[in-house]
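Per-entry structural report
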Amino acid sequence: MSVLPLVFTSGWASGINAYAVVLLLGIFGATGLSDDVPESFQRPEILITAGVLFLCEAVADKIPYVDSVWDSVHTVIRPAAGAWVGALLAGQSGSLSDLAAGAIGGSTALASHTVKAGTRMAINTSPEPFSNFVMSTAEDLGVAGILTFAMFHPEAAAIIAGVLLLAGLLALFFLISRIRRFLRRRAQRREEKRLAERVGQPPD
């Protein structure tokens, strides 16, 4: 059976929470739930590192504006993680070239990361802080649920991930105007802060 569905699903999940993907795959392999997980994920130092970073993301991802900063930092990390995971999964199964799997995993992770980051920018325009917590929790549960489902039903999980990715891209298209307003307001606040600092400086 081709590993392509699992590569696609793990790429989608990596774009949302790459550390959760690495941690879950490592647990699945270490506990014997799946034979498709490379030993690289099961190493203790990888599991510990992924676990600590997952906890950091679980906190940062639920705080308004902090989540957008976190997403900006991970614009490179998540696609790179998706490509790395895809290449390792392909190398384990031998049914797909490492290069092709890396490209699929990385591009899928980049697409889902774009949806996540853009959606959070739109949510941060809301005056109440609870949307961030709800959205972040839903993302964590979604990644865990679909990735676990992919271990036993990879094709069905890939279809679900594809539908969610497409729906997210469509939603992001309609949220672009709100995101632009958010970015304009943030730039305006920064400019006002700079002006205030200049006014407060003593004359030479």
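Just above sits the structure.
First, a word on scope: everything that follows refers to the structure included in this document. (Residues numbered from 1 in each chain as written. Predicted model: local features only at pLDDT ≥ 70, side-chain atom pairs only at ≥ 80, totals over all residues. Heavy atoms only, no water.)

**Focus on the packing of helix α1 (residues 4-30) against helix α4 (residues 98-123)**
Put simply, the rule is: To get an axis, a line is fitted to the C-alpha atoms, and for a helix only the part in contact is used. The angle between two axes follows their N-to-C directions and goes from 0 to 180 degrees. Numbering goes from the N terminus for both helices and strands, where a helix is a DSSP run of H or I of at least four residues and a strand is a run of E of at least two. Crossing handedness is read from the near helix: turned anticlockwise from the far helix by less than a right angle, it gives a left-handed crossing, and turned clockwise, a right-handed one. Contact definition: two residues touch when any of their heavy atoms are within 4.5 Å. Residues are sorted three ways: Asp, Glu, Lys and Arg are charged, Ala, Val, Leu, Ile, Met, Phe, Trp, Tyr, Cys and Pro are nonpolar, and all the rest, Gly among them, are polar.
Across the interface, α1 lies against α4 with an axial gap of 7 Å and an inter-helix angle of 35 degrees. Viewed along their axes, α1 and α4 form a crossing whose handedness is right-handed. Contacts from Leu 4, Val 7, Phe 8, Gly 11, Trp 12, Ser 14, Gly 15 and Ile 16 in α1 reach Ala 101, Ile 104, Gly 105, Thr 108, Ala 109, Ser 112, His 113 and Lys 116 in α4. A breakdown of the residues in the contact of α1 with α4 according to their chemical character gives 8 nonpolar, 7 polar and 1 charged.

**A look at the nonpolar core**
The following threshold applies: Put simply, a nonpolar core is a bunch of buried Ala, Val, Leu, Ile, Met, Phe, Trp, Tyr and Cys residues held in one set by side-chain atoms that sit within 4.5 Å of each other. A 1.4 Å probe rolled over the protein chains alone gives each residue an accessible area, and that area as a share of the maximum for its type sets the label: buried under 20%, exposed over 50%, partly exposed in between.
Trp 12, Val 21, Leu 25, Phe 28 and Val 85 are the most contacted members of the largest nonpolar core, which totals 29 residues. For this core, the elements supplying multiple residues, two or more each, are α1, α3 (66-93), α4, α5 (130-152) and α6 (154-200). If we ignore the near neighbours within four places in the chain, the residues touching Val 21 are Ser 10, Ala 13, Ser 14, Val 85, Val 143 and Leu 147. Residues Met 121, Ala 122, Leu 172 and Phe 182 belong to the second largest nonpolar core, which totals 5 residues.

**Points about the environment of Leu 23**
As for its position among the elements, Leu 23 is in helix α1. For Leu 23, a relative accessible area of 18% corresponds to the buried category. Along the chain, Leu 23 and Ala 50 lie 27 residues apart, while their C-alpha atoms are 5.4 Å from each other. Ignoring any residue separated from it by four or fewer positions in sequence, one finds Leu 23 in contact with Leu 47, Ala 50, Gly 51 and Phe 54.

Everything listed here is a matter of geometry and, on its own, says nothing about what the molecule does.
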